[in-house]
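Results of the structural survey
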Amino acid sequence: MGDIKDVRPEIVEFEAYTPGLSIDEIKDKYGLGSVIKLASNENPLGTSPVVQQVLGEKAGMAFRYAQAGTPKLHAAIAEHLGVSASRIVAGNGSDEIIDLLVRVKARPGVDNIIAFDPCFSMYKLQARLCGVEMRQAPLNADFSFDWDGLLALADEHTAICFVTTPDNPSGYTPPVGELEALARALPPQCLLVIDEAYMEFAEPQEKYSLLSRLEEFENVAILRTFSKLYGLAGMRLGYGVLPEWLAEYCLRVKLPFSVNILAEEAGIAALKDKDFVAATKKTTAKGRAYLTRELTALGCKVWPSMANFFIFDLPDNAGMDAKGLFEKLLEKGIILRPLASYGLPGSLRVSIGAVHENEALIRALHEVLS
Ligand SMILES: *Cc1c(COP(=O)(O)O)cnc(C)c1O
């Protein structure tokens, strides 16, 4: 006999995504007036003023449905990247594209997906939800990529290989030649999905991204997002640059209005605001250099990163572990990201903030660690 509460077993066992703590949660818990959040790799400069103005002007359009498939946005992204618009699929964050790719490409109970361990948790969550086996190869101890270990997991049922570059949570960024070799070595049915959520922070991009050479690879998809460099995490907007055949399938099954009318306008405006993008890159590069210098002087081990965040390990004589430090900083109103859920209990990830935020973090660390 069935029960009204019967659902798919994948749902019963599902463990939800662990987000960074929100500012309001911390304010309430510790009775703080202001909080510095360096936990979710958001843009330290906030929302572009150009985007804010457009959002104000377009607010009155909120009663309309967006044009299904957001062709205006696809055209703007395609022009920005110098690729054909028929390759672009925009979604409700690149999270939606990850979900779409898993559902379109991988057969439940038959196929598998491969990635490194640790990896961005959305790959695992969507695979599990879809009843698709997830196989993971450990990263090298220095967070670099063990390609042989990854390839050894692939077989004739591997539907997708996810690679994140710059990687999250480490910021490690392999040279593009290694991605090219991977694309050529994977089994013929396997799609290589390169998640480039932070690639715009890496310089020079040709050295690290396959984007400008996608035409050569029928089996490669690239994911990008407006959440990080463009400062639109809350608008929920990301996209895939996919092989055309795959873009067509994804657009066919995608929820038609998952990119809302304001997100579409915000995305188009964000691509035009070159000053904001340049200022963000400059703030990130300077902040990274400052934090690396100061944390190293405090005895921390800072892992090199091309992204707008990095990992650091505590000095051996700190007298506390990463979780202890995370909690001490919370009491002072600074939120970092503990990495226990990534299997890295000894490390913290810090998003590079605005100048005053980075300075406040270093001041707090001097107090806590001395
Ligand atoms: C932030 C991030 C994304 C982007 O997520 P959105 O859904 O676009 O906000 C994708 N991949 C990785 C690895 C990320 O860190």
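Notes on the structure in this doc start here. Small disclaimer: the values here were computed from a predicted structure and weren't measured.

**Points about the pattern of salt bridges**
For the structure on display, the rule yields 17 salt bridges. Across the pair Arg-224 and Glu-196 runs a salt bridge, and its minimum N-O distance is 2.8 Å. Remark: Glu-196 occurs in the loop between strand E6 (191-195) and strand E7 (220-225) and Arg-224 occurs in strand E7; sequence separation between them is 28 residues. Taking relative accessible area as the criterion, Arg-224 reaches 3% and is therefore assigned buried. A salt bridge links Glu-367 to Lys-332; the nearest nitrogen and oxygen atoms lie 2.6 Å apart. In this pair, Glu-367 sits in helix H13 (residues 355-369) while Lys-332 sits in the loop between helix H12 (322-331) and strand E11 (334-335), placing the two residues 35 residues apart along the sequence. Of the residues examined, Lys-332 reaches a relative accessible area of 39% and is grouped as partly exposed. One continuous salt-bridge network, built from bridges that share partners, spans Glu-180, Arg-184, Arg-213 and Glu-216.

**Some points on the sheet that holds strand E3 (residues 112-117)**
With mixed pairing, seven strands are arranged side by side in an open sheet as E2-E8-E7-E6-E5-E3-E4. At either end of the open sheet lies a strand with only one pairing partner, and these are strand E2 (88-91) and strand E4 (133-138). Recorded for the sheet is a direction-independent mean angle of 20° between the axes of neighbouring strands. When E3 meets E4, the two strands line up parallel, connected through six bridges. Pairing of Asp-117 across the sheet is with Pro-138, part of E4. Together, E2, E7 and strand E8 (238-241) form the strand contacts of helix H4 (residues 71-81), whose direction differs from that of E2 by roughly 120°. Across the sheet, helix H5 (residues 94-105) is in contact with E2, E3, strand E5 (158-164), E6, E7 and E8; its angle to E5 comes to roughly 160°.

**As for a nonpolar patch on the surface**
On the surface, a cluster of nonpolar side chains totalling about 270 Å² of accessible area is made up of Val-7, Ile-11 and Val-12. Relative to the elements of secondary structure, Val-7 occurs in the segment before helix H1 (9-12).

**Comments concerning the pairing of E3**
Of all six residues that make up E3, five are buried, and the element is covered over most of its length. Taken together, E3, helix H6 (residues 121-129) and E4 form a β-α-β motif whose crossover is right-handed. Inspection of the sheet shows E3 paired to E5 by three bridges, in the parallel sense. Across the sheet, Ile-114 pairs through a bridge with Cys-161, a residue of E5.

Rules and cut-offs
Residues numbered from 1 in each chain as written. Predicted model: local features only at pLDDT ≥ 70, side-chain atom pairs only at ≥ 80, totals over all residues. Heavy atoms only, no water. Salt bridge = Lys/Arg side-chain N within 4 Å of Asp/Glu carboxyl O. Helix = DSSP H or I, 4+ residues; strand = E, 2+ residues; numbered from the N terminus. Buried < 20%, exposed > 50% of the residue type's maximum accessible area, 1.4 Å probe, protein only. Pairing = 2+ DSSP bridges. Axes fitted to C-alpha atoms, helices over the stretch in contact; angles between N-to-C directions. Contact = heavy atoms within 4.5 Å. Patch = residues over 30% accessible without salt bridge, like charges linked within 9 Å, V, L, I, M, F, W, Y side chains within 5 Å. Areas by Shrake-Rupley, 256 points an atom, 1.4 Å probe, with all protein chains shown as cover. Right-handed = clockwise from strand over helix to strand, strands pointing away.

These values are about where atoms sit, not about what they do.
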